[in-house]
Amino acid sequence: MPKWYQGLVVTLAIVMMILGAAIFGFMQLAKMRPPAQTKPPAETAPLVEVLELNAGSVAFEISSQGTVAPVTETTLSAEVAGTVVELSSAFEAGGTFRAGQMLMRIDPTNYEVAVARAQATLSQRQVEYDGAKKLREQGYRAEAELLSAKAALESARADLVRAERDLQRTRVVVPYDGLVRSRAAELGDYVAPGSQLGSVFATDRFEVRLPIPDTDLAFVDLPRSGASGDRVRPSVVLRGRYRGDDAEWPAEIVRTEGVVDERTRMVFAVASIADPYRMTDEAEVPLPAGTFVDAAIEGVTLDSVVKIPRTLIRGNDQVVFVDDESQLRLRNLEFIRSDAEYAYVSADQIQETRVVTTVLEAPLNGLLVRVRDDVASPDEVVSTSEEGAPGSGIAATGQ
């Protein structure tokens, strides 16, 4: 056997011995290694926050808006012809006046003369009638002559009444306390009967027409249209701006207009505001005519109602609940009403009382979850949402 071959065999034998010794040593070390410790699988159930729902009584409030307007507004027109010879200092835009106060005077000269003439004619006709009556009693006059004298007397009296009335009409007065909106005649102007002199309105009471959707009529007790003696008058709080500041004014619903607007399908309720310019209490904020206001109308109170923050509503009517076994339950609810913050549902529709407030991308019915110990209230959820906390991306339910 060649020597090179014997050297190769010896080398291979040495290599095999080394490999065998390495494998034997590795196996011995493996036996000495402590057994691996197994860990339970990590908790995969999502952690959620919830709020507890409670049924109770809810006093509803109906929102509306409108523009304040006077109840009584008058366009002044001349009833007699003549030249304007006197103007009251109150008869200018923004001026205030009292009932019966003269605002304007038309030249009364011709009308004073007409009164004097009518008085003289009446005196003459009275003398003629008295004479005819005396002669008739003595048998010297016919009955027809007495009746003619009486007719002339009555005609003279009518002429005097008309002349005195025309003289009174030279003084432009209004039978209520009010404010001047505009003036259309100046001192020295000649006016004819029917000429516009200005516009004024009463300041004792204003009104505002408030549109109410048909869907809200069930939640407010309005006066019935045409019902005499109806004492139902819900209170109203009007909110607006006065001189750059927020202000509120109390009012009450006094009537409804009794028709539905054909375009908007709204019913109009009329709110009345007493003493809007606060003439009796200057410390209060006045409410000028033409002010645009938001109105909060006192509604009815319903029992056994649950309110749910609108930010927790998925789609139009779905709410995610957690049952007693910590599983998600997706419920489609029928809301009786909703506003800017809450949706309201009758308590008999609620099967679970805990609502999930955590945002879940794809909640599944029956999904096991872990519930945090902290339980929020509906008002806390609404407050957090208003402060800009992450919402659920949920579309709000319309009213």
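Everything below is about the structure shown above.
What you are looking at is a predicted structure, and each value in this text was computed from that prediction instead of being measured.

## Topic: the packing of aromatic side chains
- Applying the stated criterion across every chain, the model contains six aromatic pairs.
- Measuring from ring centre to ring centre gives 5.1 Å for Phe60 and Phe219, while their planes differ by 55 degrees; the resulting arrangement is tilted. Here Phe219 lies in the loop between β11 (205-213) and β12 (235-242) and Phe60 lies in strand β2 (residues 56-70), a separation of 159 residues in the sequence. Judged on exposure class, the residue Phe60 and its partner Phe219 are both buried.
- Consider the rings of Tyr342 and Tyr344, whose centres lie 6.3 Å apart with planes at 50 degrees: the pair is tilted. With respect to class, Tyr342 is no different from Tyr344; both count as buried.

## Considerations on the sheet that holds strand β6 (residues 104-106)
- The strand order across the open sheet built from four strands is β7-β6-β4-β9, with neighbouring strands paired in antiparallel fashion. In this open sheet, the two strands that pair with only one neighbour each are β7 (171-172) and β9 (190-191).
- Taken together, the two bridges between β6 and β7 define a ladder with antiparallel strand orientation. Within the sheet, the bridge partner assigned to Arg105 lies in β7 and is Arg171.

## Here we look at unusual backbone geometry
- Backbone geometry at Arg243 places phi at a positive 55 degrees, although glycine is not the residue there.
- Of note, Arg243 is situated in the loop between β12 and β13 (245-260).
- On the basis of relative accessible area, Arg243 is assigned to the exposed category, the value being 73%.
- A positive phi angle, near 60 degrees, is found at Ser326, a position not held by glycine.
- Structurally, the position occupied by Ser326 is in the loop between β16 (318-322) and β17 (328-332).

## Here we look at the layout of surface pockets
- By volume, the second largest pocket amounts to about 240 Å³.
- Around the second largest pocket sit 17 residues that line it, and Ser77, Glu79, Arg171, Val172 and Val173 are the ones nearest its centre.
- At the level of secondary structure, the elements contributing two or more residues to the lining of the second largest pocket comprise β3 (73-77), α3 (143-168) and β7.
- Across the lining of the second largest pocket, the residue classes tally to nine nonpolar, four polar and four charged.

## Describing a nonpolar patch on the surface
- Together, Val15, Met16 and Leu19 make up an exposed nonpolar region whose accessible area comes to about 290 Å².
- Here Met16 is to be found in helix α1 (residues 3-32).
- Take Met16: its relative accessible area is 57%, and that puts it in the exposed class.

## Some words on the nonpolar core
- Core analysis: the biggest nonpolar cluster contains 29 residues, and Val208, Leu210, Val236, Leu238, Ile253 and Ile297 have the highest contact counts within it.
- Contributions of two or more residues to this core are made by β2, β11, β12, β13, β14 (266-274), β15 (292-309) and β19 (342-346).
- With residues near it in sequence (within four places) discarded, Leu238 still touches Val208, Ala247, Glu248, Trp249, Ala251, Ile273, Leu287, Val293, Asp294 and Ala295.
- Of all hydrophobic cores here, the second largest spans 20 residues; its members include Ala90, Phe91, Tyr111 and Val191.

## A word on the pattern of salt bridges
- Under the criterion given, the structure shown has 18 salt bridges.
- Here Asp177 makes a salt bridge to Arg98, at a shortest N to O gap of 3.1 Å. Residue Asp177 is found in the loop between β7 and β8 (178-183), and its partner Arg98 is found in the loop between β5 (96-97) and β6; the two are separated by 79 residues along the sequence.
- Across the pair Arg183 and Glu186 runs a salt bridge, and its minimum N-O distance is 2.7 Å.
- According to the relative accessible area criterion, Glu186 is partly exposed, its value standing at 38%.

What counts, and where the lines are drawn
Residues numbered from 1 in each chain as written. Predicted model: local features only at pLDDT ≥ 70, side-chain atom pairs only at ≥ 80, totals over all residues. Heavy atoms only, no water. Phe/Tyr/Trp six-rings, centres within 6.5 Å; stacked < 30°, edge-to-face > 60°. Helix = DSSP H or I, 4+ residues; strand = E, 2+ residues; numbered from the N terminus. Buried < 20%, exposed > 50% of the residue type's maximum accessible area, 1.4 Å probe, protein only. Pairing = 2+ DSSP bridges. 1 Å grid on protein atoms, 1.4 Å probe; cavity = no way out; pocket = protein on both sides within 12 Å on 5 of 7 lines; lining within 4 Å. Points joined across faces, edges and corners; volume = space filled by probe spheres on them. Nonpolar A, V, L, I, M, F, W, Y, C, P; charged D, E, K, R; others polar. Patch = residues over 30% accessible without salt bridge, like charges linked within 9 Å, V, L, I, M, F, W, Y side chains within 5 Å. Areas by Shrake-Rupley, 256 points an atom, 1.4 Å probe, with all protein chains shown as cover. Salt bridge = Lys/Arg side-chain N within 4 Å of Asp/Glu carboxyl O. Core = buried A, V, L, I, M, F, W, Y, C linked by side-chain atoms within 4.5 Å. Contact = heavy atoms within 4.5 Å.

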